[in-house]
Amino acid sequence: MVDPFVSTTVSTDLSYFRLHGITGSRHVYTDDELRRLAEMVSAKGEAYLMFNNIPRVADAARFKPFVGLRDGREAASAQGLRSA
């Protein structure tokens with residue numbers, strides 16, 4: 001488990017990323033940060049993400065298009081990302 005904005009994961013097959021907010025729990029991720037996050041996690045094979053900041057629902061919803069998710073169930077197969 002790692003926050004990709006803080007450190008890198010050593011896992012190659014399955015990664016779990018937990019996002020606490022870059023500036024703290026009230027941090028709202030910008031589109032640029034979400035775009036960078038999509039690039040970071042798509043290079044890691046299968047990945048699970050948990051937004052653990054206060055605006056987590058809105059940030060997660062805004063993140064979906066960056067990885068090809070619409071309603072949380074249609075994943076872009078090339079990215080190997082899943083939505084619960």
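Figured I'd write up the structure that's included with this text. (Residues numbered from 1 in each chain as written. Predicted model: local features only at pLDDT ≥ 70, side-chain atom pairs only at ≥ 80, totals over all residues. Heavy atoms only, no water.)

Re the packing of aromatic side chains
Then comes step 1: Applying the stated criterion to the full structure yields three aromatic pairs.
Then comes step 2: Their ring planes at 25° and their centres at 5.7 Å tell us that F5 and Y29 sit as a pair that is stacked. Here F5 is found in the segment before β1 (14-19), whereas its partner Y29 is found in the loop between β1 and α1 (31-42), with 24 residues between them in sequence. (Phe/Tyr/Trp six-rings, centres within 6.5 Å; stacked < 30°, edge-to-face > 60°. Helix = DSSP H or I, 4+ residues; strand = E, 2+ residues; numbered from the N terminus.)

Side note on the nonpolar core
Then comes step 1: Ranked by size, the top nonpolar core spans 13 residues in total, and within it L34, L37, V41, F51 and F63 carry the most contacts.
Then comes step 2: Going through the elements one at a time, β1, α1 and β2 (46-51) are the ones with two or more residues in this core.
Then comes step 3: The element that contributes the greatest number of residues to this core is α1, accounting for four residues.
Then comes step 4: Residue contacts for F51: discarding those within four places in its chain leaves L19, Y29, L34, L37, R56, D59, A60 and F63. (Core = buried A, V, L, I, M, F, W, Y, C linked by side-chain atoms within 4.5 Å. Buried < 20%, exposed > 50% of the residue type's maximum accessible area, 1.4 Å probe, protein only. Contact = heavy atoms within 4.5 Å.)

Concerning the side chain of E33
Then comes step 1: Of note, E33 is situated in helix α1.
Then comes step 2: Summary of buried charges: E33 has no salt-bridge partner, and the nearest side chain of opposite charge, R36, is 5.3 Å away.
Then comes step 3: Engagement of the side chain of E33 in a polar contact is seen with the side chain of H27, the distance being 2.9 Å.
Then comes step 4: Here the side chain of E33 touches T30 through a polar contact of 2.8 Å, landing on its backbone nitrogen. (Lys, Arg positive; Asp, Glu negative; His and termini not counted. Salt bridge = Lys/Arg side-chain N within 4 Å of Asp/Glu carboxyl O. Polar contact = N/O pair within 3.5 Å; in protein donor to acceptor, adjacent residues only side chain to side chain.)

Side note on the pattern of salt bridges
Then comes step 1: Per the counting criterion, the structure on display carries three salt bridges.
Then comes step 2: For D31, the salt bridge is made with R62, and the minimal N-O distance between the two is 3.0 Å. Here R62 lies in helix α2 (residues 56-63) and D31 lies in helix α1, a separation of 31 residues in the sequence.
Then comes step 3: Residues R62 and D59 are paired through a salt bridge, measuring 2.9 Å at the closest nitrogen-oxygen approach. Of the two residues, R62 and D59 are both situated in helix α2; the distance of three residues between them amounts to about one turn of the helix.

So yeah, pure geometry; function would need other evidence.
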